[in-house]
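# Per-entry structural report
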Amino acid sequence: MSDLEEKRHFKRYKCSCKVSFSNEGSLCNATLLDYSLSGICAVVEGSQQVSVGNVIYLDSRSPDIHDSGVIVWKKKSDEGLIVGIDRIGPISGALNDYRFSDILLGLKKIKATGTLEVNSGKAAKKIFLKDGLVAFATSNLKTESFLFLLLQEGKITKQDYGSFASAEIAHGRNVTA
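Rules used in this analysis
Residues numbered from 1 in each chain as written. Predicted model: local features only at pLDDT ≥ 70, side-chain atom pairs only at ≥ 80, totals over all residues. Heavy atoms only, no water. Helix = DSSP H or I, 4+ residues; strand = E, 2+ residues; numbered from the N terminus. Pairing = 2+ DSSP bridges. Buried < 20%, exposed > 50% of the residue type's maximum accessible area, 1.4 Å probe, protein only. Arc of directions from axis to C-beta. Contact = heavy atoms within 4.5 Å.

Pro63 follows Ser62 through a cis peptide bond whose omega is 5°. Among the structural elements, Pro63 can be located in the loop between β4 (55-60) and β5 (65-77). One non-glycine residue, Lys111, adopts positive backbone phi at about 55°.

Below, the structure is given as structure tokens:
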């Protein structure tokens, strides 16, 4: 494994798709070579001028990337000018183009602290991270509550479940957490 691979925190996904980005007020076209939650590698089309340190805004529909980034390296090749872009700011947006396990592993590697919110249809889940480790998780689905798990495992009765759920609701707590 090369030194460059060891420094990467998130899995890179290969692709070959057209993207555009704004660079110091002008629109540049490029072809994405690979991407991750933290970085992008692309070949800039034509003779457009880009410099290391430039802050750009990338716009791509597939993969779904609409983020700011900073050009951290560039090199000329037979393909054209290849640039490396580090995404800046918090990780946000649609995560459909990433495997969920890769997201969690990357967040662990960077020792992230915060909340990962995952929504799909009516399901809303939150995963609370502290130094890259899952500290707590919630779901709005009744079937994923701790009380429901205890009921399913036969550890409490339906009457116990009803009593505990009523007490939680009376105290303003979410029974599905």
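So that's the structure; there's more coming.
On to the pairing of strand β2 (residues 26-35). Inspection of the sheet shows strand β1 (residues 13-23) paired to β2 by nine bridges, in the antiparallel sense. Residue pairing in the sheet places Ser22 in a bridge with Leu27 of β2. Between β1 and β2, which follow one another and run antiparallel, lie two residues, and Glu24 among them has a positive phi close to 50°. In the sheet, β2 pairs with strand β3 (residues 39-44) via five bridges, with the strands oriented antiparallel. In the sheet register, Leu32 faces β3, and the bridge partner there is Ala42. Hairpin connection from β2 to β3: three residues lie between these consecutive antiparallel strands.

Another aspect to go through is helix α2 (residues 100-109). Within the span of α2, buried status applies to Asp102, Ile103, Gly106 and Leu107. Each buried residue of α2 lies within a common arc of 130° when the element is viewed along its axis, so the set occupies one face. Along its buried surface, α2 packs onto β1, β7 (114-120) and β8 (123-130). Downstream of α2 by one or two residues, Lys111 has phi in the positive range, about 55°.

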